[in-house]
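# Coordinate analysis (summary)
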Amino acid sequence: QVQVAESGGGSVRSGGSLGLSCRVSGTIFYIYSMGWYRQAPGKKREMVALITPEGVINYGDFVKGRFTVSRDNAKNVVALELNNLKPEDTALYYCYAVVRLDSVTSGNQYWGRGTQVTVSS
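Residues numbered from 1 in each chain as written. Predicted model: local features only at pLDDT ≥ 70, side-chain atom pairs only at ≥ 80, totals over all residues. Heavy atoms only, no water.

## What to know about the pattern of salt bridges
Counted only if it meets this: Any carboxyl oxygen of Asp or Glu within 4 Å of a side-chain nitrogen of Lys or Arg constitutes a salt bridge here. Between buried and exposed lies partly exposed: a residue is buried under 20% and exposed over 50% of the maximum accessible area for its type, with that area taken using a 1.4 Å probe on protein chains only.
The tally for this structure, following the rule as stated, stands at three salt bridges. With a closest N to O distance of 2.7 Å, Glu46 and Arg38 form a salt bridge. A relative accessible area of 31% means that Glu46 is categorised as partly exposed. We classify Arg38 as buried; its relative accessible area is 5%.

Right under this line is the structure:
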């Protein structure tokens with residue numbers, strides 16, 4: 001069993017900042033990519049940021065230097081710092097991890113339940 005638990009989020013005015021954190025726990029042999037996706041009402045889920053164990057990072061095109069993803073491999077934690085938030089950043093933000101449970105099986109995708117980020121103008 002793998003648990004993905006997000007924290008953070010909330011409401012902020014345009015231009016403000018928020019922080020998200022996510023811890024992956026349970027039966028874990030290895031965690032590959034970790035990161036964040038988001039989904040706004042009526043829109044498809046989109047990638048916000050992904051980070052490998054080696055620290056290689058990919059951001060969604062819309063991030064444009066406003067968000068910073070980080071990872072603590074020892075604690076199985078991934079964090080996302082959101083700065084200069086805009087109303088269009090309003091969405092449910094999901095933590096994502098590719099987790100390998102043992103030395104035999106391949107990695108599987110796991111998702112958190114999501115944490116709401118609301119940005120008002």
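Text resumes after the structure shown.
## Some points on the nonpolar core
Selection rule: Side-chain atoms within 4.5 Å link the members of a nonpolar core, which is a set of buried Ala, Val, Leu, Ile, Met, Phe, Trp, Tyr and Cys residues. For the purposes of this entry, the term helix denotes a DSSP run of H or I that reaches at least four residues, the term strand denotes a run of E that reaches at least two, and both are numbered from the N terminus.
One finds Val24, Trp36, Leu80 and Tyr93 to be the most contacted residues of the largest nonpolar core, which totals 28 residues. Sorting the residues of this core by element identifies strand S1 (2-8), strand S3 (18-26), strand S4 (30-39), strand S5 (46-51), strand S7 (67-72), strand S8 (77-82), strand S9 (91-100) and strand S11 (115-120) as the ones contributing at least two each. Here the element with the most residues in this core is S9; it accounts for five residues.

## Re the sheet that holds S1
Put simply, the rule is: In this scheme, strands are said to pair when DSSP sees at least two bridges between them. Axis definition: a line fit to C-alpha positions, over the contact stretch in the case of helices; interaxial angles, taken between N-to-C directions, run 0 to 180 degrees.
Pairing is antiparallel across the open sheet formed by four strands, whose spatial order is S1-S3-S8-S7. Sheet topology places S1 and S7 at the edges, where each strand pairs with a single neighbour. Each strand of the sheet is rotated relative to its neighbour by a mean of 15 degrees, with strand direction disregarded.

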